[in-house]
Every structure is written in C-alpha cells, then in structure tokens.
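Observations on the model geometry
So you can see what is in the structure, the chains are spelled out below.
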Amino acid sequence: MAGQFITLEGIDGAGKSTHAAFIASRLRERGRTVVQTREPGGTAVGEKIRDLVLGEAMDVHAETLLIFAARAQHLHEVVRPALAAGSTVLCDRFTDATFAYQCGGRALPESHVEALARLTHGDLRPGLTLLFDTDAATAHARVVARSAADRFEREDLGFFERVRARYLEQARREPDRFCVLDGNQRIEAVQSALARALDERIG
Ligand SMILES: Nc1ncnc2c1ncn2[C@@H]1O[C@H](COP(=O)(O)OP(=O)(O)O)[C@@H](O)[C@H]1O
Ligand SMILES: [Mg+2]
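Notes on the structure in this doc start here. (Residues numbered from 1 in each chain as written. Chains lettered and ligands numbered in written order. Predicted model: local features only at pLDDT ≥ 70, side-chain atom pairs only at ≥ 80, totals over all residues. Heavy atoms only, no water.)

Some points on the overall build of the protein
If you tally the helices and strands in the protein, you get 8 helices and 5 strands. Secondary structure of the protein in N-to-C order comes out as β-α-β-α-α-β-α-α-β-α-α-β-α. Its C-alpha atoms give the protein a radius of gyration of 16 Å, near enough to 17 Å, the size a compact globule of 203 residues would have. Based on the C-alpha atoms only, the size of the protein along its principal axes is roughly 45 × 35 × 30 Å. Burial statistics for the protein: of 203 residues in total, 51% are counted as buried. Long-range pairs, those at least 24 residues apart, make up 79% of the contacts in the protein with a sequence separation of at least 6. Element-wise, carbon and sulfur atoms account for 53% of the exposed surface of the protein, whose accessible area totals about 9,300 Å². One way to put it: in the protein the 27 positive side-chain charges average out to a point 3 Å from where the 29 negative ones average out. (Helix = DSSP H or I, 4+ residues; strand = E, 2+ residues; numbered from the N terminus. Rg over C-alpha atoms; globule rule 2.2 N^0.38 Å. Buried < 20%, exposed > 50% of the residue type's maximum accessible area, 1.4 Å probe, protein only. Contact = heavy atoms within 4.5 Å. Areas by Shrake-Rupley, 256 points an atom, 1.4 Å probe, with all protein chains shown as cover. Lys, Arg positive; Asp, Glu negative; His and termini not counted. Charge placed at Lys NZ, Arg CZ, Asp CG, Glu CD.)

Now the structure itself:
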C-alpha cells in the first residue's frame, strides 16, 4: 500500500520545524515508518540548490525554476521511493510554499507554478497539509530571535502578510486537504490542537 504524504506549511517562524519532531514521534507511536524531510533540499543536490536560493539574489523565475529543480530531485530520490515502500513522508514545505512565496509574495503568475507543478509531479499532491497560520509580526519576531536571517527571512512584513494570505487562500480552495492551526498560540497549545487534528485526520 502506498504511504501517506503529509506536508507542513506556513511563513518563516510559523513553527514548522518546532512541530515536525512532535508530529513524527506521534506517527511513529502509531506504528508508522516516517521519513522526515524538507524543501528546498532533502537530497545532496537539493541542499546545494537550497543554499543558492536562500543565499543569492536572483530573478523570481530563476528562483522558482531552481526550487522546482530541487523538488524534482527530492521526489525522485526520497519522496516517491518512500511512498512506494509504504512510509509516511513528512515534508517541511512543498508546492503550496511556491504558490505562497513566489505567487503571493513575489506576484509570479499562478499559471507558471501550475505548469511547473504539473511537469514536476503530475497528480501527486499531499494527502494532508498542516498549515501553521501565524501572524507575520509574531513570526518575524521569532525569526529575528532564532538566528541570522536568510534571503527570504529578510523580506519585509508586507511580503509575509501576502505569503500568509496566499496560504489561507489555498486552504480555502482545498479544505479537505488542509488543516489550519493557529500558530500564534503557545507551543503546548499548538501541540494539543495538532494531536487532535492528527487523530481526526489520520487516526
Ligand atoms: N508557538 C510558539 N511560541 C513561541 N515560540 C515559538 C513557537 N513556535 C515556534 N517558536 C520559536 O520560533 C522560532 C521559529 O520557529 P520554527 O519552528 O523554526 O519556524 P519555521 O520552521 O516555521 O520557520 C524558533 O526559535 C522556535 O523555538
Ligand atoms: Mg523551519
């Protein structure tokens, strides 16, 4: 049986990395084999592309094509083999992030990302997407406190407000796939909501 594809989404500082380990251990407790990974990255080639995309100023088309190049390699090397083996793939960011950041944040036409998504992964889409919806100012304060900011994290609040709005729009379009969690709450409160959502959505 093919495994389940679960993605974590939200703006920088929303809490994706914080909650990934909690989600993975909860799934493992229920007997699943979990492959935890991230985008851009998740492979040797992908991590090099990640460094480039997060570090170097570039045109939005170049940025988007590089993200999809990393995604193609990640699907080939990690995601598809794991799903074929029946594992649960827990991935920090996927194509929803490209719609949110490059379309929402940088005004790239959606049709461009739709075409690249079709080319790169056809009908494959996550079965469940956990969206940590966090206020841009709150998330930004967390990022500043966390470490030196990358090229995306240095964007202004308006950028993150557009990215957040685009994520919420995606969740409205696909309510069955998305589970929206209030990422502004204390970590323990987010985890209680997460635990309930996981019980409900995947048992
Ligand atoms: N609910 C929360 N309340 C307070 N701080 C949080 C919360 N969630 C995450 N953090 C902190 O904010 C920072 C960013 O969280 P992180 O999980 O790295 O975000 P993301 O992976 O979505 O960019 C981390 O230092 C983390 O400890
Ligand atoms: Mg993170």
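Concerning the site of ligand 1
In the vicinity of ligand 1 there are 14 residues, among which Gly13, Lys16, Thr18, Arg146 and Gln185 approach most closely. One of the backbone N or O atoms of Gly15 is found 2.9 Å from an oxygen atom in ligand 1. Between ligand 1 and Arg142, the relevant distance is 3.4 Å, taken from a nitrogen atom to a side-chain nitrogen or oxygen of the residue. Those elements that place two or more of their residues in the shell around ligand 1 are helix H1 (16–29) and helix H6 (136–146). Counting residues per element, the shell around ligand 1 draws most heavily on H1, which supplies 3 residues. Across the shell around ligand 1, the residue classes break down as 3 nonpolar, 6 polar and 5 charged. (Near = heavy atom within 4 Å. Polar contact = N/O pair within 3.5 Å; in protein donor to acceptor, adjacent residues only side chain to side chain. Nonpolar A, V, L, I, M, F, W, Y, C, P; charged D, E, K, R; others polar.)

A short note on the pairing of strand S1 (residues 5–9)
Within S1, 5 of the 5 residues are buried, which leaves the element mostly enclosed by the surrounding structure. Along S1, one buried face is formed by Phe5, Thr7 and Glu9 and the opposite face, lined by Ile6 and Leu8, is buried too. Sheet topology places S1 next to strand S3 (residues 88–92); 4 bridges connect them, and they run parallel. Across the sheet, the residue bridging to Thr7 is Cys91, located in S3. Here 4 bridges tie S1 to strand S4 (residues 128–133), and the two strands are oriented parallel to one another. What sits directly across from Ile6, in S4, is Leu128. (Pairing = 2+ DSSP bridges.)

Describing the layout of surface pockets
By volume, the largest pocket amounts to about 740 Å³. If you trace the largest pocket, you find 37 residues lining it, with Asp12, Lys16, Arg93, Arg146 and Glu153 closest to the centre. Contributing elements (two or more residues each) for the lining of the largest pocket: H1, helix H2 (44–55), helix H3 (60–84), helix H4 (95–105), H6 and helix H8 (187–202). Of the residues belonging to the lining of the largest pocket, the class tally is 14 nonpolar, 10 polar and 13 charged. In this structure, the second largest pocket spans a volume of roughly 330 Å³. What lines the second largest pocket is a set of 19 residues, among which Thr95, Phe99, Ala117, His121 and Arg125 lie closest to the centre. (1 Å grid on protein atoms, 1.4 Å probe; cavity = no way out; pocket = protein on both sides within 12 Å on 5 of 7 lines; lining within 4 Å. Points joined across faces, edges and corners; volume = space filled by probe spheres on them.)

Observations regarding the side chain of Thr120
Within the secondary structure layout, Thr120 lies in helix H5 (residues 110–121). Residue Thr120 is classed as buried on the basis of its relative accessible area of 18%. Once residues lying within four places of it in the same chain are set aside, the contact partners of Thr120 are Phe68, Arg71, Ala72, Leu75 and Arg80.

Description of the sheet that holds S4
Note on sheets: strands pair through backbone hydrogen bonds, and any given pair is parallel or antiparallel. Taken together, 5 strands build an open sheet; the order of strands is S2-S3-S1-S4-S5 and the sheet is parallel. Unpaired on one side and paired on the other, strand S2 (34–38) and strand S5 (178–182) mark the two borders of the sheet. For this sheet the average axis-to-axis angle between neighbouring strands, irrespective of direction, equals 20 degrees. One ladder, built from 5 bridges, connects S2 with S3; its direction is parallel. Of the residues in S3, the one forming a bridge with Val35 is Val89. Its contacts with the sheet put H1 on S1, S2, S3 and S4, and the angle it makes with S2 is roughly 165 degrees. (Axes fitted to C-alpha atoms, helices over the stretch in contact; angles between N-to-C directions.)

Nothing here speaks to function; it is geometry throughout.
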